[in-house]
Amino acid sequence: MTQRYKTDLFLILVLLLLPLLLFAPVSLGNKTLLPADALYSFEPYQSALKIEEPQNPLLADLVLENYVWQRFIVKSVRAGQLPLWDPFLFTGHPFLANGQHSALYPLSLIFHLFSLPRAYGIFIAFQLGLAGISSYLLGRTMHATKLGAFLAGITFQFSGFLVVSVVHPMIVAAAAWLPLQLALVELTIRRRSFLRNERAMLPWAVVGAISIGLQMLAGHAEITYFSLLVVGTFAAWRLLHGILT
């Protein structure tokens, strides 16, 4: 069985590593995705160091919002506390109930294993790799050749939408699951064999439900909503196609 999927496993590994072509400096090198220069647009940082203008002031959310969230999560966990309440914004507010922080997303473990400036680069490179793998699996499910599925994976993981969204990790993390969800819908409707069990529908549906749950934990409800619209439309079309043919 390993020999049968040897080429597939190799191509999946390549897709996982390809994002390093763009993001090696911020995941393995001494640079960071954090737009720290945006801080100097505000006091007290502005008085500490005069700069004419940040490279891109539109990217400030990553350092003003997401970085602060991740730092709060990491410090809370290391102190043995659940980040249920954030006391640092006005008079405080519920934190864990906020769906955008990705605290419960399994791959957010990266932020606990590496320093935050480096963790963002590693997280994005890994998520783009998963996006490519997700698209590759969709291609293979739809009977594309290995080369065709591989090109589909590259196209998706380096698509303009994902690459320009790397300063919003929640968006990339959520969007990466869409092709896999489409593949699981196809396998569920087709009742593809699962571990040698013929006409297995339930296992694929369960894995699909898990992928949707992980997408929700990634922290961007809009992407989950859009994905569910796409998945629902695709499922309806496949069912209608099955009935008519």
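Residues numbered from 1 in each chain as written. Predicted model: local features only at pLDDT ≥ 70, side-chain atom pairs only at ≥ 80, totals over all residues. Heavy atoms only, no water.

(A) Inspection of helix α10 (residues 178-190) at higher detail. For α10, with 13 residues, the first-to-last C-alpha span of 18 Å sits near the 18 Å given by 1.5 Å per residue. Extensive coverage of α10 is indicated by the burial of 11 of its 13 residues. Those residues of α10 not exposed but buried are Leu178, Pro179, Leu180, Gln181, Leu182, Ala183, Leu184, Val185, Glu186, Leu187 and Thr188. Looking at the buried side of α10, the elements it contacts are α6 (116-141), α7 (146-157), α9 (169-175), α11 (202-218) and α12 (221-244). (Helix = DSSP H or I, 4+ residues; strand = E, 2+ residues; numbered from the N terminus. Expected span 1.5 Å × (residues − 1). Buried < 20%, exposed > 50% of the residue type's maximum accessible area, 1.4 Å probe, protein only. Contact = heavy atoms within 4.5 Å.)

(B) Quick look at the environment of valine 172. Inspection of the secondary structure puts valine 172 in helix α9. Overall, the relative accessible area of 0% leaves valine 172 in the buried class. On a C-alpha basis, the gap between valine 172 and leucine 82 in space is 25 Å, while along the polypeptide they are 90 residues apart. Valine 172 has contacts with Ile124, Gln127, Leu128, Leu162, Ser165 and Val166, leaving out every residue within four places of it along the chain.

(C) Representation of the pattern of salt bridges within the structure. Applying the stated criterion to the full structure yields 4 salt bridges. Among the salt bridges present, the one from aspartate 8 reaches arginine 140, with a minimum N-O distance of 3.2 Å. Here aspartate 8, found in helix α1 (residues 6-17), pairs with arginine 140, found in helix α6; they are 132 residues apart in sequence, far enough to count as distant. Overall, the relative accessible area of 8% leaves aspartate 8 in the buried class. In this structure arginine 140 comes out as partly exposed when scored by relative accessible area, which is 31%. For arginine 238, the salt bridge is made with glutamate 186, and the minimal N-O distance between the two is 2.5 Å. Taken together, the positions of arginine 238 in helix α12 and glutamate 186 in helix α10 put the pair 52 residues apart, joining distant regions of the chain. Comparing arginine 238 with glutamate 186, the two get one shared label, buried. (Salt bridge = Lys/Arg side-chain N within 4 Å of Asp/Glu carboxyl O.)

(D) Up close: the nonpolar core. Counting 35 residues, the largest nonpolar core has Phe23, Leu33 and Ile124 as its most contacted members. Among the secondary structure elements, those contributing two or more residues to this core are α2 (20-27), α4 (61-78), α5 (110-113), α6, α9, α10 and α11. Sort the elements by how many residues they give to this core and α6 lands first, with 9 residues. Counting 8 residues, the second-largest nonpolar core is a separate cluster that includes Leu138, Leu178, Ala183 and Val185. (Core = buried A, V, L, I, M, F, W, Y, C linked by side-chain atoms within 4.5 Å.)

(E) Just α4, in detail. For α4, spanning 18 residues, the distance from its first C-alpha to its last is 25 Å, which sits close to the expected 26 Å at 1.5 Å a residue. The axis of α4 is deflected most strongly, by about 30°, at tyrosine 67. Within α4, burial applies to Leu62, Val63, Asn66, Trp69, Gln70, Phe72, Ile73, Val74 and Ser76. Where α4 is buried, its residues meet β1 (85-86), α5, α6 and α9. (Bend = angle between axes of the 7 residues up to and from the residue.)

(F) Highlighting the packing of α1 against α7. At their nearest, the axes of α1 and α7 sit 11 Å apart, and the two run at 15° to each other. As far as their axial angle goes, α7 and α1 are roughly parallel. For the crossing formed where α1 meets α7, the hand is right-handed. Contacts between α1 and α7 involve Thr7, Asp8, Leu11, Val14 and Leu15 from the first element and Lys146, Phe150, Gly153, Ile154 and Gln157 from the second. Class assignment for the residues of the contact of α1 with α7 results in 5 nonpolar, 3 polar and 2 charged. (Axes fitted to C-alpha atoms, helices over the stretch in contact; angles between N-to-C directions. Parallel < 35°, antiparallel > 145°, perpendicular 65-115°, else oblique. Left-handed = near helix turned anticlockwise from the far one by under 90°. Nonpolar A, V, L, I, M, F, W, Y, C, P; charged D, E, K, R; others polar.)

(G) The layout of surface pockets, seen in detail. Approximately 360 Å³ is the volume found for the second largest pocket. Lining the second largest pocket are 14 residues, with Val68, Trp69, Phe72, Asp86 and Phe88 positioned closest to its centre. With 9 residues, the top contributor of residues to the lining of the second largest pocket is α4. When its residues are assigned to classes, the lining of the second largest pocket shows 7 nonpolar, 3 polar and 4 charged. (1 Å grid on protein atoms, 1.4 Å probe; cavity = no way out; pocket = protein on both sides within 12 Å on 5 of 7 lines; lining within 4 Å. Points joined across faces, edges and corners; volume = space filled by probe spheres on them.)

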